[in-house]
Amino acid sequence: MMRFLLLFSRQGKLRLQKWYTPLSEREKKKIIRDMTTMVLARQPRTCNFLHWKDLKIIYKRYASLYFCLGVESEENELLGLEVIHRYVELLDKYFGNVCELDIIFNFEKAYFILDEFLMSGEIQETSKQTINRCIENSDMLQELSY
Amino acid sequence: MSDVVEKTLTALPSLLSLDSQPGSAKLSSTSKLGALIRGITELTSKHEEEKLIQRELASLKDQVSSPNTSMRQMKEAMVRAIYCEMLGYEASFSYIHAIKLAQQGSILDKRVGYLAVTLFLNENHELLLLLVNTVLKPNVPQRYDTCNTPLVEEKLNHPKEIIRRKAVLALYKFYLIAPNQVQHIHNRFRKALCDKDPGVMFASLHIYLQMIKGYKDLTASFVTILKQVVSGKLPMDFNYHSVPAPWLQIQLLRILSILGKNDQSTSEIMYDVLDESLKRAEINHNITYAILYECVKCIYTIYPKTDLLEKAAKCIGNFVLSSKINLKYLGLKALTYVVQQDPKLALQHQMTIIECLDHPDVIIKRETLELLFRITNAQNITVIVEKMLEFLHQSKDDHTTIDLVGKVAEIAEKYPLQTMNTVFSLGGDMIQPDIPNSFLKLLSEGFESEEENKKLRLFAVDSYILLLEGETRNLPQRFLQVISWVLGEYSHLRNDLDPARVMTLLTKLLEMRQTSSETKTWVLMAMTKLCSGEASVSIARSVCEDLSSSMDTVQRQRAHELLLLSQDRALRSQLLPLCSDPEPLEVDSSLSFLDAFVSEALAAGAAPYKPPHQRQEELAQQKALSLEPYELSLPINMSSSCVTGRQSPTLMSVSSGLSGDSAELSHKGGSTTLKLEGVKRVWGREGYLSKKEPVEEVAQAEIPSPLSSPNQHTGASGTSSNTHPPIPTPEPEQEKQQLASSLFVGLGSQSSLCLVRADIYSTQDVPSHSVAVFQYSLSVIRPVVHFEVMGMLSYQSSHKSHEVEFTYKLPLTNFIRPFTVSTEQYGAMWLAFSNDTKQNLNLVTDGQDSLTDTLNVLKGKLNLHIVEIIGMEGIVACRLAQDQPCLLHCHIHAGTLAVWLRSPVPDLPDSLLYHCQRALEGT
């Protein structure tokens, strides 16, 4: 099961946070701080996995943005990498050649896409088409209502 | 400065993209959020950012609380509030409005409302109940409520599959939070499993993974599902990079591995589909590797089947040997999992494992240690613990440290003495004081079986005696303390051991300059326990004479104790009973037995007790005023009692008792600084220094001459060891390796100087004009590069004795025999051998196949046996005359022959390597 997903920039600025287990504000702050320092300190050509307390951290950098996924230790690391990758693909499909700024300015959309993809820390839907259809439908609703 | 530049650079693309896409609806840069974000990027300091956000929050607060704000504006404000919270500023005023938005807005507003709520509220927030009420109204089941399962249950029958899917996931969450709440609807899960939409079925697997144990009957269904998935029966929608539903596959594999664990009949149902999965996963993509990994894990978890295991092992090989670091990591992980069932698998990847141990990436290193931890045995324990401690020294992360220390401790429980000796020698004086304490506790309290305990203690005594008999100068202080305690406590267990001998050894420690005064008190305590019998009493007496005038109070006291107790046998046995039962001593920490004494003293006008920190404080205050000339040199509380100046006789006695204590303390403090002098060489261990000597010095072969008397013979060998020329000094690199491999030698091995054993074969009388032949069979005790065979001929002629000495240099190669083994046997032996060395050698490059050529040269010159050559790798085996094998693993690396030698015989790899080098240099 996934515990959290964080997106942050190369400067360590948080861009998106999603928690799948209840945590106090202090715990969240600590995790965010630890993740940014640990991940940003990694050297090139090292593996994409880290240990943090009893969790596995799987991270990957896409352009200027780091995707950092915390999973329980019995999870499959490669699968975690693919979860990140599929999310990036989803973002890319929706925004069209996604960049960090798309996520900064439209972070609520990024959240919506994530919520279609993952639910309560598990994969809910893996199809790019289906998820995109959902998001586009809700965008249509928005345009109709205004 | 660079910070500013960086910020400008990040801001730049935003400006550019705004220009290039003026009409873009997606970049809502004209919105208030856009303005806020741009405002923040333009700032240069954290302080300014704080000011800006506070202003923003204030305006947000006005906006959300104003009754005129439309739902659309509210939604926009909520997005900004989320952004501020993400930057780390609290916007709690907006929480209630987020719920309101979720209640009242249009579907899209609701969505933003819910998003804000999930981000703002945690499990225990008081607004949560309100939210539950909100959630009950709309159709989408939310995960927060634990009380409305019936409502969600209803949704399981919803015509739309997406709703059913979400409902199943919601129930899964309920199950995780409160398993009892959903017990009554287990049949519903089964229905979900049979849902016509694969997505719903997939969602139900999450629940089954949690509670699968009770559902053995479903095995066949899971197998069928997996079969269908693997053969691509699902809609294209489920494909991920043209792999059919990988997430689903992995989930199923996990379920199967739980079902098949320790259950042969259930496992048998799955063999086919597992085989199929292995076969299908061919595409070179992360996701197929993820499936393969899960497959391998499953195969090794369920009831074993040979050909599947073989395939799985091959798969692991692909992982481990992969150049992709992520795959390597996973390969190590898989190996770690697998070696518990099949330790041989680690053998095949020995080289890679060693490479990974020195990998620049700590994560890989750590995973390798994890693997090594699983294959620890009595032979390799020293090396592994050393590696772990090495990693510990570098590690900064608390969690890792705790984890590793736990592992070392676990090993220590299995192989207590070997581990702890390593820890003490390596850790030196840097280890925490409670580690030796808990080790001693382990020794004294022991395990359950009394027999084990005795064996362990005896082993401890033996190995420590051996250590003390050698060079003790470089042993760390803490180790010496442990040694003296153990000897004091348990050397009586060894009946044939004369206490006087132990006493003598301990006296040696006392005389050493490096020994700290703290250690000396430990030694004295041990002596006190030991001294029985006349010889030891006299030793004790002379020691006491030396130390009773010591400057160190504690030592002086211990010396007096020793003196008194050594004379009064009855008192000693009462005070320090042999074999004291591990009855816990009761320590009265409140010191209640002193109450009467204290109240008496108080009644007589003594000052009440002040804790040390208070005394210190008062002293500090008084220092400014005090004119006492000797104050600084006096122990702290002595001077304070002087200053208070109330000198009733009782107070004197109390304060003098206290000051005695403090003098002890201050002396101890002094001793810690003293101790540092002796800690020059952390790597000191008697074992490896003495073992290095014979290699560097002279290789000796003694043949006890049948004609000479024993006395003469020892005399001859004594001189020879000084006069012989040293063997050619090896290159520094090789020396390092020798050092390393001798470090791996167990502590208890013999340090005899005689390297070759010669047995007298025959003797003859010599008739005139003929040849006398003396035959000896030589066998190697300790291998070296060259053996020096010396002999002496002594004869008498006309009442005059003559002696003729002769020497002969015998290379090790004379003792080497080919060793015929199969590849499997070779593999099994490889891991069991703990002495190894590695080196790159020249290749023979004239012919076609340089590896085969080179190995043939070695075979010809050194009499080795080539076991097998596969591609760039070759394995070779040989042995000394009496079944002491040495294995060579050769592979071509960067134009050289990388050779790795392993043997159970210390020094054999190094010596043999020298000859390999010579053999190849000559070509």
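Residues numbered from 1 in each chain as written. Chains lettered and ligands numbered in written order. Predicted model: local features only at pLDDT ≥ 70, side-chain atom pairs only at ≥ 80, totals over all residues. Heavy atoms only, no water.

With that settled, the discussion passes to the overall build of chain B. A count of helical and extended segments in chain B gives 41 helices and 13 strands. Counting only residues that meet the buried cut, chain B has 49% of its 923 residues in that class. Sequence separation of 24 or more characterises 63% of the internal contacts of chain B that already satisfy a separation of 6 or more. As displayed, chain B offers around 47,000 Å² of accessible surface, 55% of which is attributable to carbon and sulfur atoms. (Helix = DSSP H or I, 4+ residues; strand = E, 2+ residues; numbered from the N terminus. Buried < 20%, exposed > 50% of the residue type's maximum accessible area, 1.4 Å probe, protein only. Contact = heavy atoms within 4.5 Å. Areas by Shrake-Rupley, 256 points an atom, 1.4 Å probe, with all protein chains shown as cover.)

A few words on the interface of chain B and chain A. Facing 71 residues of chain B, the contacting portion of chain A comprises 67 residues. Carbon and sulfur atoms supply 58% of the area that chain B and chain A bury against each other, a total of about 6,300 Å² over both sides. Where chain B meets chain A, there are six salt bridges. Across the salt bridge formed by B:Arg111 and A:Glu116, the nearest N and O atoms sit 3.3 Å from each other. Our count for the contact surface shared by chain B and chain A stands at 16 residue pairs in polar contact (both at pLDDT 80 or more). The greatest single-element share of the side of chain B that touches chain A, amounting to nine residues, is contributed by helix H6 (residues 107–120) of chain B. (Buried area = accessible area lost by both parts, 1.4 Å probe. Salt bridge = Lys/Arg side-chain N within 4 Å of Asp/Glu carboxyl O. Polar contact = N/O pair within 3.5 Å; in protein donor to acceptor, adjacent residues only side chain to side chain.)

Within the secondary structure layout, B:Tyr114 lies in helix H6. The spacing of B:Tyr114 and B:Leu101 is 13 residues in sequence and 8.1 Å in space, taken between C-alpha atoms.

On to helix H26 (residues 477–490) of chain B. Taking 1.5 Å per residue as the helical rise, H26(B) with its 14 residues ought to reach 20 Å, and the 20 Å between its terminal C-alpha atoms agrees with that figure. The buried fraction of H26(B) amounts to 14 of the 14 residues, a majority that puts the element mostly inside the structure. (Expected span 1.5 Å × (residues − 1).)

Residues and elements named next belong to chain A. If you trace the five strands from one edge of the open sheet to the other, you get S2-S1-S5-S4-S3, paired in antiparallel fashion. Two strands lie at the open edges of the sheet, namely strand S2 (14–19) and strand S3 (49–52), each paired on one side alone. Looking at each pair of strands side by side, their axes are set apart by 20 degrees on average, direction ignored. As defined by bridge partners, strand S4 (residues 55–62) adjoins strand S5 (residues 65–72) across eight bridges and the pair is classed as antiparallel. Across the sheet, the residue bridging to Arg 61 is Tyr 66, located in S5. Against the sheet, helix H2 (residues 77–95) touches strand S1 (2–9), S2, S3, S4 and S5, its axis set at about 40 degrees to S4. On top of the sheet, helix H4 (residues 107–117) reaches S1 and S2; it is set at about 30 degrees to S2, its chief contact. (Pairing = 2+ DSSP bridges. Axes fitted to C-alpha atoms, helices over the stretch in contact; angles between N-to-C directions.)

Let us now look at the nonpolar core. Among the nonpolar cores identified, the biggest contains 191 residues, and A:Leu6, A:Tyr87, B:Tyr83, B:Tyr208 and B:Phe222 are the most heavily contacted of them. Core analysis: the second largest hydrophobic core is formed by 43 residues, B:Leu475, B:Val486, B:Leu493 and B:Leu497 among them. (Core = buried A, V, L, I, M, F, W, Y, C linked by side-chain atoms within 4.5 Å.)

With that out of the way, let us pick up the pattern of salt bridges. Applying the stated rule across the entire model yields 32 salt bridges over all chains. Across the pair A:Glu77 and A:Lys56 runs a salt bridge whose closest N-O atoms are separated by 2.9 Å. You can see A:Glu77 sitting in helix H2 and its partner A:Lys56 sitting in strand S4, a full 21 residues away along the chain. With respect to class, A:Glu77 is no different from A:Lys56; both count as buried. In this structure, the salt-bridge partner of A:Asp139 is A:Lys109, at a minimum N-O distance of 3.8 Å. Of this pair, A:Asp139 sits in helix H5 (residues 128–145) while A:Lys109 sits in helix H4; the two residues are 30 residues apart in sequence, bridging distant segments of the chain. In this pair, the class of A:Asp139 matches that of A:Lys109, namely buried. Connected through salt bridges with shared partners, the residues A:Lys13, B:Lys46 and B:Glu49 form a single ionic network.

For the rest of this paragraph, the subject is the confidence of the model for chain B. All names here are of chain B. Counting all residues, the mean pLDDT for chain B is 71, and 70% of those residues have values of 70 or more. Across residues 1–29 the pLDDT falls below 50, and counting only partners more than four positions away or on other chains, this stretch makes 26 contacts in the model. Confidence metrics for the complex model read pTM 0.57 and ipTM 0.92. (pLDDT = per-residue confidence, 0-100.)

All right, on to the side chain of A:Arg42 then. Inspection of the secondary structure assignment puts A:Arg42 in the loop between helix H1 (25–40) and S3. A distance of 3.2 Å separates polar atoms of two side chains, one belonging to A:Arg42 and the other to A:Tyr59. Leave out the neighbours within four places in its chain, and A:Arg42 touches A:Cys47, A:Phe49, A:Leu50, A:Tyr59, B:Asp361, B:Val362 and B:Ile363.

Taken as a whole and assessed by the stated rule, the structure comprises 16 aromatic pairs over all chains. Here the aromatic rings of A:Tyr94 and A:Phe95 are separated by 5.0 Å at their centres, their planes lie at 85 degrees, and the arrangement is edge-to-face. Taken individually, A:Tyr94 and A:Phe95 each receive the classification buried, so the pair is uniform in this respect. Seen from their ring centres, B:Tyr240 and B:Trp247 are 5.0 Å apart, and the 80 degrees between their planes marks the pair as edge-to-face. Like B:Tyr240, the residue B:Trp247 is buried in the burial classification. Site record: aromatic cluster; members linked through ring pairs are A:Tyr62, A:Phe67 and A:Tyr87. Sitting over the face of the ring of B:Tyr337, B:Lys297 holds its NZ or CZ atom 5.3 Å from the ring centroid. (Phe/Tyr/Trp six-rings, centres within 6.5 Å; stacked < 30°, edge-to-face > 60°. Lys NZ or Arg CZ within 6 Å of the ring centre and 35° of its normal.)

Turning to the pairing of strand S10 (residues 865–870) of chain B, a few remarks are in order. Residues and elements named next belong to chain B. Where S10 and strand S11 (residues 873–880) come together, five bridges link them in antiparallel fashion. Bridge pairing in S11 places Ile 866 opposite Val 876. Hairpin geometry of S10 and S11 is characterised by an intervening segment of two residues between the two adjacent antiparallel strands and by a positive phi of about 55 degrees at Gly 871.

Further remarks concern a nonpolar patch on the surface. On the surface, a cluster of nonpolar side chains totalling about 550 Å² of accessible area is made up of B:Leu591, B:Phe593, B:Leu594, B:Phe597, B:Val598 and B:Leu602. With respect to the helices and strands, B:Phe593 occurs in the loop between helix H31 (569–575) and helix H32 (595–603). (Patch = residues over 30% accessible without salt bridge, like charges linked within 9 Å, V, L, I, M, F, W, Y side chains within 5 Å.)

Relative to the helices and strands, B:Gln251 is located in helix H13 (residues 246–260). Residues within four places of B:Gln251 in sequence aside, it is in contact with B:Phe202, B:Leu205, B:His206 and B:Leu209.

This next bit is on unusual backbone geometry. All names here are of chain A. Although it is not a glycine, Arg 45 adopts a positive phi angle of roughly 60 degrees. As for its position among the elements, Arg 45 is in the loop between H1 and S3. Positive phi values are uncommon outside glycine, yet Ser 120 reaches one of about 45 degrees. Within the secondary structure, Ser 120 sits in the loop between strand S6 (118–119) and strand S7 (122–123).

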